Amino acid sequence: MSQPLAERMRPRTLDEYIGQKHLVGEGAVLRKMIDAGRISSFILWGPPGVGKTTLAQIIAHKLETPFFTLSAVSSGVKDVRDVIERAQKGRFFNAPSPILFIDEIHRFSKSQQDSLLGAVEKGVVTLIGATTENPSFEVIRPLLSRCQLYVLKPLEKPDLQALLERALTTDVVLSKRRVKLEQAGALMRYSGGDARKLLNILELVVEASDPSEELVVTDTLVEDRLQQNPLAYDKDGEMHYDIISAFIKSIRGSDPDAALYWMARMIEGGEDPQFIARRLVISAAEDIGLANPNALLLANAAFDAVMKIGWPEGRIPLAEATVYLATSPKSNSAYLGIGAALQLVKKTGNQPVPLHLRNAPTQLMAELGYSDGYKYAHDYPGHFVVQQFMPDALTAERLWHAQHSPSEEKLYQNMLRCWGDKYKE
């Protein structure tokens, strides 16, 4: 039986690898380590189908080192210890450490992760973990501190276009077929930056056509084929990232019915309840924000409740938080504010802290003027006194802009009382 197209097209070298130039392009951090022949343990974080497993395999092949693979779904602590023991026995003096690749490392339990610590710390194995979830939530701190974290991005349109052309011209099966790629919009849209999904869709479209005739791939044809077999391009039966996007946008758009519907779709699709809970916490801070600060408290409480009571009862506090967030007034002023602040820092660099704001723990620092002239706000009426807090070069910059929901309006009016025209919109 022929291998699936996605497996046949799996890159074998970095030159064949598509995307992630910020990591493996010329002069990039991972490329330098690979070319030097030594790598440290790291975790690859990114959506499905962007090359996490492939990159690990290419690195192992390039370094000519033993490569062990574990799946967090099917492996236990005993499997981890067995692999570590095999790695110890098979290692030669001064040779690079064997690579242990753990797919879906976010699903490893704490005890499984604990069993890795010693081997990673002593260099018995070089760990490469792959995860679609934020490692800061799912990977224990001691293990995370021993690994670099590299973020992989969804493949962009030029990357996907190059992959399609390569598949049609070099694949042992497709190159023998008469396939003309007239339109690629639907292929791009349905793949969502996932190379594996893109190749699965292409393979489905080709296999459903008459091999004796020329196949002209159009957006209409792709849409028709996927309607006939809607799960063919999603191996888990749920369009994970599309549905979570619809869920968050329904909350942002103040539609509790739609938000509950998309949450139900995630629940029925077997989504991790913690993932849903985390998204609610993010939404509470990003989209509801200062318009209703209680939203973040309730979202956090729902997260804690799910962790304590488990499933299926955990769906109830998640539903409560979902409805509350969807029906709350909205503000993204804090979200926009930190975004503007980060852009300003990148643009202006490390501006010096004004002397009066600096700490003066030593006599020398005091003599240099550190903390000199600082006004302690609580010593003044209303616990406020006008003084400069921004760096000297940035005193005219404004980062937070109130959005005037009933709750946020009170904060805005307080800023006007304190600062006057500085905060006038």
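Calculation criteria
Residues numbered from 1 in each chain as written. Predicted model: local features only at pLDDT ≥ 70, side-chain atom pairs only at ≥ 80, totals over all residues. Heavy atoms only, no water. Helix = DSSP H or I, 4+ residues; strand = E, 2+ residues; numbered from the N terminus. Contact = heavy atoms within 4.5 Å. Salt bridge = Lys/Arg side-chain N within 4 Å of Asp/Glu carboxyl O. Buried < 20%, exposed > 50% of the residue type's maximum accessible area, 1.4 Å probe, protein only. Pairing = 2+ DSSP bridges. Right-handed = clockwise from strand over helix to strand, strands pointing away. Core = buried A, V, L, I, M, F, W, Y, C linked by side-chain atoms within 4.5 Å. Axes fitted to C-alpha atoms, helices over the stretch in contact; angles between N-to-C directions. Parallel < 35°, antiparallel > 145°, perpendicular 65-115°, else oblique. Nonpolar A, V, L, I, M, F, W, Y, C, P; charged D, E, K, R; others polar.

(A) Local environment of the environment of Ile248. Inspection of the secondary structure puts Ile248 in helix H13 (residues 240-252). In sequence terms Ile248 and Pro98 are 150 residues apart; their C-alpha atoms lie 42 Å from each other. Those residues within four positions of Ile248 in sequence are excluded, and the remaining contacts are Arg279, Ser283 and Asp287.

(B) Layout of the pattern of salt bridges. Under the defined criterion, the tally for this structure stands at 13 salt bridges. With its nearest N and O atoms 3.8 Å apart, the salt bridge here joins Arg8 to Glu203. Pair noted here: Arg8 is in helix H1 (residues 5-8) and Glu203 is in helix H11 (residues 195-207), with a separation of 195 residues, a long-range link. Of the two residues, Arg8 and Glu203, both sit in the buried class. Asp82 is the partner of Lys78 in a salt bridge, and the nearest nitrogen-oxygen pair spans 3.1 Å. With Lys78 and Asp82 both in helix H5 (residues 77-90) and four residues apart, this pair spans about one turn of that helix.

(C) Main features of the pairing of strand S3 (residues 99-103). Of all the five residues making up S3, four are buried; the element is thus mostly covered by neighbouring parts of the structure. With five bridges connecting them, strand S2 (residues 67-71) and S3 associate as parallel partners. Bridged to Leu70 within S3 is Ile102. Strand direction decides the pairing type here: S3 and strand S4 (residues 126-131), joined by five bridges, are parallel. Bridge pairing in S4 places Ile99 opposite Thr126. Handedness of the crossover joining S3 and S4 through helix H6 (residues 110-122): right-handed.

(D) The arrangement of the nonpolar core in detail. Ranked by size, the top nonpolar core spans 28 residues in total, and within it Leu164, Leu174, Leu187, Leu199, Leu202 and Val222 carry the most contacts. Element by element, the count of residues in this core is highest for H11, at eight residues. For Leu174, the contacting residues outside a window of four places in its chain are Leu5, Ala167, Leu168, Leu202 and Val206.

(E) Region of the structure containing the packing of helix H15 (residues 273-288) against helix H16 (residues 294-309). Two elements in contact, H15 and H16, have axes whose closest approach is 8 Å; the angle formed by their N-to-C orientations is 170°. Between H15 and H16, the angle falls in the class roughly antiparallel. Where H15 approaches H16, its residues Pro273, Gln274, Ala277, Arg278, Leu280, Val281, Ala284, Ala285 and Ile288 are matched on the opposing element by Ala295, Leu296, Ala299, Asn300, Phe303, Val306 and Met307. Grouping the constituent residues of the contact of H15 with H16 by class yields 13 nonpolar, two polar and one charged.

(F) Molecular detail of the sheet that holds S4. Spatially, S2-S3-S4-S1-S5 is the arrangement adopted by the five strands of the open sheet, whose pairing is parallel. Two strands close off the open sheet at either side, each with one partner strand: S2 and strand S5 (148-151). Neighbour-to-neighbour, the strand axes of the sheet open up by a mean angle of 20°, direction not taken into account. Against the sheet, helix H4 (residues 52-63) engages strand S1 (42-45), S2, S3 and S4, with an angle of about 170° to S3.

(G) Representation of the environment of Asp272 in the model. Structurally, Asp272 is set in the loop between helix H14 (256-268) and H15. You can call Asp272 partly exposed: its relative accessible area is 32%. Between the C-alpha atoms of Asp272 and Ile288, which are 16 residues apart in sequence, the distance is 24 Å.

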